[in-house]
Amino acid sequence: MNTTTCFAPAHILLPAEQIPLEQWGCIACDQFTSDREYWQRAKEAADGSPSTLNLILPEVYLEDGDADARVEQIHATMADYAQNVLTRAVDGFVYVERTEQSGRVRQGLVGKVDLEAYSYQRGAKCTVRPSESTVESRIPPRMKVRTGAALETPHIMMLADDPQCTLIEPIAARKNELRKVYEGELMLGGGHVAGWAVEDPAMIDQIETALAALGSQEAFDAKYPDAARRDPLTLAVGDGNHSLATAKACWEELKKTLTPEQAENHPARWCLAEVCNVHSPAIEIEPIHRVLFNVDCAAVLLALITWSDENMAGCCFGGEKKQPFTLAGPHMANVLSFIVTVCTVGVYSFSAFFSARLLDVNASTVADMKRITAKHIVTFRILIYNLPNYFNQ
């Protein structure tokens, strides 16, 4: 087994075959943070069966005052599941097919990410990097769950820039040779999922060889001759940025207590994740919305320009620069863009900056504006990076 790769085969635990997949799997903890009804429906859907819902702390409950008790119960449930529920394992990768409601099938490989190859610090030289700036205040609540936990069930999706389809697709073409380890529906309209064990040493070697080629200096130089930084990037974090950052923060704390020999192979050095090809037709990157309530659009626009000047973001009218976005209110809308690429953190940072100065302003992030019915709102419609271009930063 190659321990020098940034994404490696893992010892992946699976529930007993008789446990219904629709009750076992659940959505990520940072979803539906303003919709308690969803989480109540999820609880009802999982009732009576072991479920990963019992292994996570949905962020909708973080302000309820009982987080410590919830974490204690989560850790107890992990210990129970490790003994009585997770009776199967894959030693390798799991090839996954997720069929979405649209009918598109997203292919992926589940394995472990080496946290020594990753950093969320801007400018750090590493082969695994985030696709957005990390809001470090979001890390401590997640650390409470991860610290001392016997199991992990993260929702991290890594993206490989693989236009020639050398990493995942060759495994998909041979899935009939693999042992299927699960298949079924996901709860509450989550679609269909199936997984196959990739344990054959030749296939594992094929995956690691393809990954090494994608992350080589030669490949990076050929694909991105105009990149501002020259150190190669193998994987970008497409989703679950803060879960991976939490794993990193926990590892850095634990590593202080270990000898170099212990740190070399300690289980906490790695984090479970799924790698997908950003060029997959099943991956569609859509805009998100940052919403400010109880504000005046003109005042927001003026404050945005001031913030941009102070932070050298180069905000200007028109969408021809590096990151276009729309600032829209009830009676006006402006297309603007940043000269300097700041990704979504630019708009997030500004909205936090603006909200902090007006106590009656409430900020929220939503993907579907049909859910917003407030009278006095201002929205930022942000197109997240085209991630193939992200690799060129």
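Residues numbered from 1 in each chain as written. Predicted model: local features only at pLDDT ≥ 70, side-chain atom pairs only at ≥ 80, totals over all residues. Heavy atoms only, no water.

**Remarks on the packing of helix H4 (residues 139–146) against helix H8 (residues 241–255)**
Our working rule: For helices, the axis comes from a line fit to the C-alpha atoms of the stretch in contact; other axes are also lines fit to C-alpha atoms, and the angle between any two N-to-C directions lies between 0 and 180 degrees. Strands are runs of DSSP state E lasting at least two residues, helices are runs of H or I lasting at least four, and both sets are numbered from the N terminus onward. In this scheme, roughly parallel covers angles under 35 degrees and roughly antiparallel covers those over 145, while 65 to 115 is roughly perpendicular and the rest are oblique. Two helices crossing with the near one rotated counterclockwise from the far one by less than a right angle form a left-handed crossing, whereas a clockwise rotation gives a right-handed crossing. The contact criterion used throughout is that any non-hydrogen atoms of two residues lie within 4.5 Å. Under the scheme applied here, ten amino acids are nonpolar (Ala, Val, Leu, Ile, Met, Phe, Trp, Tyr, Cys and Pro), four are charged (Asp, Glu, Lys and Arg), and all others, including Gly, are polar.
Relative to each other, H4 and H8 sit at 65 degrees, their axes nearing to 9 Å. It follows from the interaxial angle that H4 and H8 lie roughly perpendicular. At the point where H4 passes H8, the crossing takes the right-handed sense. Across the interface between the two elements, Ile139, Arg142, Met143 and Arg146 from H4 touch His242, Ser243, Ala245, Thr246, Ala247, Ala249, Cys250 and Glu253 from H8. Its residues assigned to classes, the contact of H4 with H8 comprises six nonpolar, three polar and three charged.

**Structural notes on the pattern of salt bridges**
Selection rule: Here a salt bridge means any side-chain nitrogen of Lys or Arg lying within 4 Å of a carboxyl oxygen belonging to Asp or Glu. Relative accessibility decides the category of a residue: with a 1.4 Å probe and only protein chains considered, values under 20% of the type maximum give buried, values over 50% give exposed, and everything between is partly exposed.
Applying the stated rule across the entire model yields 21 salt bridges. For Lys256, the salt bridge goes to Glu253, with nearest N and O atoms at 3.1 Å. Lys256 sits in the exposed class, given a relative accessible area of 63%. Among the charged side chains, a network of salt bridges with common partners joins Glu116, Lys248, Glu252 and Lys255.

**Concerning the nonpolar core**
Stated formally: By convention a nonpolar core is built from buried Ala, Val, Leu, Ile, Met, Phe, Trp, Tyr and Cys residues, the set being connected through side-chain atoms within 4.5 Å.
Residues Phe7, Val128, Met158, Leu167, Leu235 and Leu244 are the most contacted members of the largest nonpolar core, which totals 41 residues. No other element matches the six residues that helix H6 (residues 201–214) contributes to this core. With sequence-adjacent residues up to four places away left out, Leu167 is seen in contact with Leu109, Ala160, Asp162, Ile207, Ala210, Leu211, Leu214 and Val275. Counting 36 residues, the second largest nonpolar core, distinct from the first, contains Leu21, Ala42, Ala67 and Val145.

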